[in-house]
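The residues making up each chain are set out below.
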Amino acid sequence: LVALTNSENIYFSTKGVDPSSQSNPMVLRQRMSMPESDHLTKLNILHKYVETKNKRDFCQQFGLRKKVLDQVILLREQISRIDKRLRGSRDSGVQPELTLAQAIQSLRVHFDFNKRNVLTHWRNSFFNKTASIVSQSEYVLDNCGTRAWVHPESVVFLMKEKPKRIVYNSVI
């Protein structure tokens, strides 16, 4: 998640695409959405990307930016190596940079996608970045009282019944 939130947007813009079309990437992306969180949705997309054989076609079909997803995988690997070094791991000596293929394989082996654990850690990390619902389309930021609206690309934006509280990582 750290690598995903510290990279460029993984989505291509879908402006000019018929929103009701079954081939619309936004419609197709909804199959991978996780109602609990945009962050889990991105993590799920990354997981599917890692598992797919033809990454270029996958990205084209779902309106994703392959270059950014590849950068996320490499960034995750760098963060993992730094984490091992800081924790004093026995195998944390000087390690060579991994190729993208090696980083993808490493991610396949170490991918932990326990939604409850991810959400708990995410909420604890961003406890000061929460918002409470004011109306069906509006939230108020708990730390400063500023009114905000959910971004149209968010899973929350598409939900019929909005959650009473949300955790966010940025305000645009």
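Residues numbered from 1 in each chain as written. Predicted model: local features only at pLDDT ≥ 70, side-chain atom pairs only at ≥ 80, totals over all residues. Heavy atoms only, no water.

So, about the overall build of the protein chain. Across its full length, the protein chain carries eight helices and four strands. Scanning the protein chain from its N terminus toward the C terminus, one meets helices and strands in the order α-α-α-α-α-α-α-β-β-β-α-β. Within the protein chain, contacts between residues at least 6 apart in sequence are counted, and of these 62% link residues at least 24 apart. (Helix = DSSP H or I, 4+ residues; strand = E, 2+ residues; numbered from the N terminus. Contact = heavy atoms within 4.5 Å.)

Once that is clear, we can look at the pairing of strand β1 (residues 130-135). Summarising the sheet, β1 and strand β4 (residues 165-167) pair through three bridges and their orientation is antiparallel. Residue pairing in the sheet places A131 in a bridge with I166 of β4. Sheet analysis places β1 next to strand β2 (residues 138-141), joined by four bridges and oriented antiparallel. Bridging across to β2, I133 finds its partner in Y139. A loop of two residues connects β1 with β2, the two strands running antiparallel in sequence. (Pairing = 2+ DSSP bridges.)

With that out of the way, let us pick up the sheet that holds β1. The strand order β3-β2-β1-β4 describes an open sheet built from four strands, whose pairing is antiparallel. Only two strands of the sheet have a single partner each, and these edge strands are β3 (147-148) and β4.

As enumerated under the stated definition, the model contains two aromatic pairs in all. Each ring, one from Y49 and one from F58, has its centre 6.3 Å from the other, and the planes form 50°; the classification is tilted. F58 shares its class with Y49; the two are buried. Centre to centre, the rings of F58 and F62 are 5.0 Å apart; their planes meet at 50°, and the pair counts as tilted. Placement of the pair is F58 and F62 together in helix α4 (residues 55-62), with a separation of four residues, close to one helical turn. (Phe/Tyr/Trp six-rings, centres within 6.5 Å; stacked < 30°, edge-to-face > 60°. Buried < 20%, exposed > 50% of the residue type's maximum accessible area, 1.4 Å probe, protein only.)

Predicted coordinates in regions of low pLDDT should not be interpreted in detail. Looking at the protein chain as a whole, the pLDDT averages 77, with 73% of positions reaching at least 70. Element-level mean pLDDT values for the protein chain span from 65 in helix α6 (residues 100-110) up to 94 in β3. (pLDDT = per-residue confidence, 0-100.)

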